[in-house]
Amino acid sequence: MSGTHNESATFYTDMRDIIVNARSNAIRSVDFQRVMMYWHLGERIFIEEQRGQDRAEYGEYLIRNLSKQLEVEFGSGFSYRQLAFCRQFYKTYPIVNALRSQLNWSQYRLLIRIEDDYKREYYELEATNNAWTGRELERQINSLLYERLLMSNDKEKVLAVARKERVPESPTEIIKDPMYLEFLGLKREAEYYENDIESALIKHLQEFLLELGNGFTFVARQKRILLEDDEFFIDLVFYNRLLRCFVVVEIKTHKLIHGDLGQLQMYVNYYDRYEKLPDENPTIGILLCTAKNELLAKITLPEDNKSILTSQYQLYLPSENDLLEEIKEVIGLAEK
């Protein structure tokens, strides 16, 4: 009887998946048809503009006059601002075959605002590869994901990974520093306990995985390890399928101290010796702290250290200007 029940449950699950997938595909199809409509509108506007020799005043007149006519028949979805986006959309993506069916109009509106071609391509690829929603793409652009990755990598490496032309060889190609955890929604308090942040990260695990980088899957929280009569608890454990290794994360609510590095190194050694399979790569440890001391980390860790990374985290997203200044400072120091 139990076998019949299991078969019935499997049958229902299969039927449900068919319906859900069909609906999702239908929505994506409708979204892409909308993208195509706006592209063709932009193309037609651009061609018409050429008759006025692409003069700015003629283009503005053309779009304003057109929007007044279209809004009467089709509504506010064809405003001057929207039609201007259509024109810019076509100018940014002049080849229709280059459009990606996985992206919707709201995502393309975010992308065409990016002037740097390499930066735009990176976000376009990552949004497609990772099935980002419009909200997730906007968050990654606003938090300057591309620029943060450039802090410790060159442009060619960053794009090659996004294009799937190469597999990341170093954790710095994926893991960002600093990390921004504004999605936790924590109130501005004088101090937090480490458990508060850890619990919030678990509650917002999807957003944290997005901030960590590509290829991460959750393994354990407060992983208990026993060394003779002493027990220890690792805050968070992940696995990265691109780097093919375990990633141990420790959270500290204070500035980096040498004891934190020693503790994390012990956890990394444990995973390398007792959990890692022979064909997997060495374990990586990430120490999240409120402030870093680069010299302290350099002196404490071995000169050939490749397993322990420190990343400063912030619970609130700084302004874009502050982010850019911080990135310029780090890149400037690296070039000296």
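You'll find the structure just up there.
The present account deals with the structure reproduced in this document. Everything numeric in this text was worked out from a predicted model, so none of it was measured.

What the chain contains, in helices and strands, is 13 helices and six strands. Evaluated residue by residue, the chain yields a buried proportion of 41% over its 336 residues. Long-range pairs, those at least 24 residues apart, make up 64% of the contacts in the chain between residues at least 6 apart in sequence.

This paragraph deals with helix α9 (residues 194-203). Along an α-helix, residues three or four apart share an orientation, since each turn contains 3.6 residues. Of all the residues in α9, the buried ones are Ile 197, Glu 198, Ala 200 and Leu 201. Taken end-on, α9 shows its buried residues confined to a sector of 165°, consistent with a single buried face. Taken together, the buried residues of α9 touch α10 (205-212), β2 (216-227), β3 (230-240), β4 (245-251) and β6 (308-314).

All right, on to the packing of helix α5 (residues 117-129) against helix α8 (residues 155-162) then. It is at 9 Å that the axes of α5 and α8 come closest, and there the two elements cross at 30°. If you check the angle between α5 and α8, you find them roughly parallel. The handedness of the crossing between α5 and α8 comes out as left-handed. Of the residues in α8, those touching α5 at Tyr 118, Glu 121, Tyr 122, Leu 125, Glu 126 and Asn 129 are Lys 155, Val 158, Leu 159 and Ala 162.

It is worth spelling out the pairing of β2 at this point. In this structure, β2 lies alongside β3, joined through 10 bridges in antiparallel fashion. Paired with Leu 226 across the two strands is Glu 231, which belongs to β3. The antiparallel hairpin formed by β2 and β3 contains two residues in its connecting segment, where Glu 228 sits at a positive phi of about 55°.

Here we take up the sheet that holds strand β5 (residues 284-289). Strand pairing in a sheet relies on backbone hydrogen bonds. The paired strands run either parallel or antiparallel. Spatially, β1-β6-β5-β4-β3-β2 is the arrangement adopted by the six strands of the open sheet, whose pairing is mixed. Of all the strands in the sheet, the pair left with one neighbour each is β1 (179-180) and β2. Relative to β6, β5 runs parallel, the two sharing five bridges. When the bridges of β6 are listed, Leu 288 appears paired with Ser 311. Where α9 meets the sheet, its contacts fall on β2, β3, β4 and β6, and the angle it forms with β2 comes to roughly 140°.

Okay, helix α6 (residues 134-142) next. Regarding α6, the residues found buried are Gly 134, Glu 136, Leu 137, Arg 139, Gln 140 and Ile 141. Against α4 (105-111), α5, α7 (145-150), β1 and α10 lie the buried residues of α6. Following α6 by one or two positions, Leu 144 adopts a phi angle in the positive range, close to 55°.

With the rule as written, the count across this model stands at 17 salt bridges. Note that Arg 148 is salt-bridged to Glu 211, the shortest N-O span being 2.6 Å. You can see Arg 148 sitting in helix α7 and its partner Glu 211 sitting in helix α10, a full 63 residues away along the chain. Per residue, the accessibility class of Arg 148 equals that of Glu 211, and both read buried. Here Glu 250 ties to Lys 252 by a salt bridge, and the two come within 3.6 Å at their closest N and O atoms. Neither Glu 250 nor Lys 252 differs from the other in exposure class; each is buried. Three or more residues joined by partner-sharing salt bridges are found here, namely Arg 139, Arg 148, Glu 182 and Glu 211.

A word on the layout of surface pockets. Empty space within the second largest pocket amounts to approximately 380 Å³. The wall of the second largest pocket is formed by 22 residues, among which Asn 130, Leu 209, Leu 210, Gly 213 and Asn 214 lie closest to the centre. Classifying every residue of the lining of the second largest pocket by side-chain character gives 12 nonpolar, six polar and four charged.

With their axes 12 Å apart at the nearest point, α6 and α10 run at an angle of 45° to one another. Taken together, the axis directions place α6 and α10 in an arrangement best described as oblique. For the pair α6 and α10, the sense of crossing is right-handed. Taking contact as the criterion, the partners of Glu 136, Arg 139 and Gln 140 in α6 are, on α10, Gln 206, Leu 210 and Glu 211.

Right, let's talk about the packing of aromatic side chains for a bit. Enumeration over the complete set of coordinates arrives at 18 aromatic pairs. In this structure an aromatic cluster arises from ring pairing among Tyr 38, Phe 74, Phe 78, Phe 89, Tyr 93, Trp 105 and Tyr 108. Above the plane of the ring of Tyr 118 lies Lys 155, whose end atom (NZ or CZ) is 4.3 Å from the centre.

The rules behind the values
- Residues numbered from 1 in each chain as written.
- Predicted model: local features only at pLDDT ≥ 70, side-chain atom pairs only at ≥ 80, totals over all residues.
- Heavy atoms only, no water.
- Helix = DSSP H or I, 4+ residues; strand = E, 2+ residues; numbered from the N terminus.
- Buried < 20%, exposed > 50% of the residue type's maximum accessible area, 1.4 Å probe, protein only.
- Contact = heavy atoms within 4.5 Å.
- Arc of directions from axis to C-beta.
- Axes fitted to C-alpha atoms, helices over the stretch in contact; angles between N-to-C directions.
- Parallel < 35°, antiparallel > 145°, perpendicular 65-115°, else oblique.
- Left-handed = near helix turned anticlockwise from the far one by under 90°.
- Pairing = 2+ DSSP bridges.
- Salt bridge = Lys/Arg side-chain N within 4 Å of Asp/Glu carboxyl O.
- 1 Å grid on protein atoms, 1.4 Å probe; cavity = no way out; pocket = protein on both sides within 12 Å on 5 of 7 lines; lining within 4 Å.
- Points joined across faces, edges and corners; volume = space filled by probe spheres on them.
- Nonpolar A, V, L, I, M, F, W, Y, C, P; charged D, E, K, R; others polar.
- Phe/Tyr/Trp six-rings, centres within 6.5 Å; stacked < 30°, edge-to-face > 60°.
- Lys NZ or Arg CZ within 6 Å of the ring centre and 35° of its normal.

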